[in-house]
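The lines below spell out each chain.
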Amino acid sequence: MRVESEYRRMVNGVRHPYLEHERGLPASLLSSLRFVGRVQTDRHGNAVFPHFDVAGLCGYEIKNCGFTGFAAGGKKGLWFSHTAPGDSRLVLAESAIDALSHAALFPDAEDRTRYASLGGKPNATQPRLVQSTIARLPEGAEIVAAFDADEAGRLLVNMVRLAVEGVVSKTGRNLIFQVHLPTQEGEDWNQVVQRARQNKFVQGAAM
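Below, the structure is looked at part by part. These figures come from a predicted structure and were not determined experimentally.

Basis of the calculations
- Residues numbered from 1 in each chain as written.
- Predicted model: local features only at pLDDT ≥ 70, side-chain atom pairs only at ≥ 80, totals over all residues.
- Heavy atoms only, no water.
- Axes fitted to C-alpha atoms, helices over the stretch in contact; angles between N-to-C directions.
- Helix = DSSP H or I, 4+ residues; strand = E, 2+ residues; numbered from the N terminus.
- Parallel < 35°, antiparallel > 145°, perpendicular 65-115°, else oblique.
- Left-handed = near helix turned anticlockwise from the far one by under 90°.
- Contact = heavy atoms within 4.5 Å.
- Nonpolar A, V, L, I, M, F, W, Y, C, P; charged D, E, K, R; others polar.
- Pairing = 2+ DSSP bridges.
- Buried < 20%, exposed > 50% of the residue type's maximum accessible area, 1.4 Å probe, protein only.
- Lys, Arg positive; Asp, Glu negative; His and termini not counted.
- Salt bridge = Lys/Arg side-chain N within 4 Å of Asp/Glu carboxyl O.
- Polar contact = N/O pair within 3.5 Å; in protein donor to acceptor, adjacent residues only side chain to side chain.

1. What about the packing of helix H5 (residues 126-135) against helix H6 (residues 151-171)?
Contact pair H5 / H6: the axes reach a minimum separation of 9 Å and the direction vectors enclose 50 degrees. In terms of axis orientation, H5 runs oblique to H6. As H5 packs across H6, the resulting crossing turns out to be right-handed. From H5, Pro127, Val130, Gln131, Ile134 and Ala135 reach across to H6, where they touch Met159, Val160, Leu162, Ala163, Val164, Gly166, Val167 and Lys170. Classifying every residue of the contact of H5 with H6 by side-chain character gives 10 nonpolar, 2 polar and 1 charged.

2. Quick look at the pairing of strand S9 (residues 176-179)
Across 4 bridges, the pairing between strand S8 (residues 142-145) and S9 is parallel. Considered in S9, the bridge of Ala145 is made with Val179.

3. Here we look at the sheet that holds strand S2 (residues 47-53)
Strands sit in the order S1-S2-S3-S4 across an open sheet of 4 strands; the sheet is antiparallel. With one partner strand each, in any of the chains shown, strand S1 (40-41) and strand S4 (67-70) form the two edges of the open sheet. Taken together, the 7 bridges between S2 and strand S3 (residues 56-64) define a ladder with antiparallel strand orientation. Along S3, the bridge assignment pairs His51 with Gly59.

4. With respect to the sheet that holds S9
The 5 strands are arranged S5-S7-S6-S8-S9 in an open sheet whose pairing can be described as mixed. Two strands in the sheet have a free side with no partner beyond their single neighbour: strand S5 (79-80) and S9. For strand S6 (residues 89-93) and strand S7 (residues 113-117), the ladder comprises 5 bridges, and the chain directions are parallel. Bridge pairing in S7 places Leu90 opposite Arg114.

5. Describing the side chain of Glu61
You can see Glu61 is positioned in strand S3. Although Glu61 is buried, it makes no salt bridge; Lys63 carries the closest opposite charge, 4.6 Å away. In this structure the side chain of Glu61 is engaged in a polar contact, spanning 2.8 Å, whose partner is the side chain of His51. Setting aside anything within four residues of it in sequence, one finds Glu61 in contact with Ala47, Val48, Phe49, His51, Gly69, Phe70, Ala96, Ser117 and Gly119.

6. With respect to unusual backbone geometry
Phi is positive for Asp111, which is not a glycine, with a value near 50 degrees. Tracing the backbone shows Asp111 in the loop between helix H4 (96-105) and S7. A residue is classified by how much of its surface remains accessible, and Asp111, at 43% relative accessible area, is partly exposed.

What follows is the structure, given as structure tokens:
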């Protein structure tokens, strides 16, 4: 399969200059046990985010300055952080960069949060993948819909809400659903990261 063969040629770079310098994501986050290996680097220096479906690797997002692409011949599944048996919280974002941004802004000191993203507007299969991802969470787990503060983001919130309700209806499990959007209309979580970084820079320069 072309997607798999191309992906195998990529490297798990220790540093991701685009994500660190252009997107404001700390190197310590990208190299943490939760995220290491979930962002690859291709031969052009692009940041690559693998997508998975029920059969495994199915595609990957490609990001760099002024460029967004997707694997030729691939299809969108979900991008995931690593998971751990003790996880009790799932944060769902529109993009992997937004999921990483949320993790940077709101770190989980107990490291019991896993992350996933859709890579934009969902296709026909992604709602089922979201539901199956939620179904793997334990009793009492929290699901956070951390999407953009716009109409498209609120549509994704509703999709996740329906997925949570579907799991609860089928399993009788008690799950907690939370909505967490940026406070400024139109912003995504990476814009919040960059705004916070800029404010810190301005404040530091004024001292």
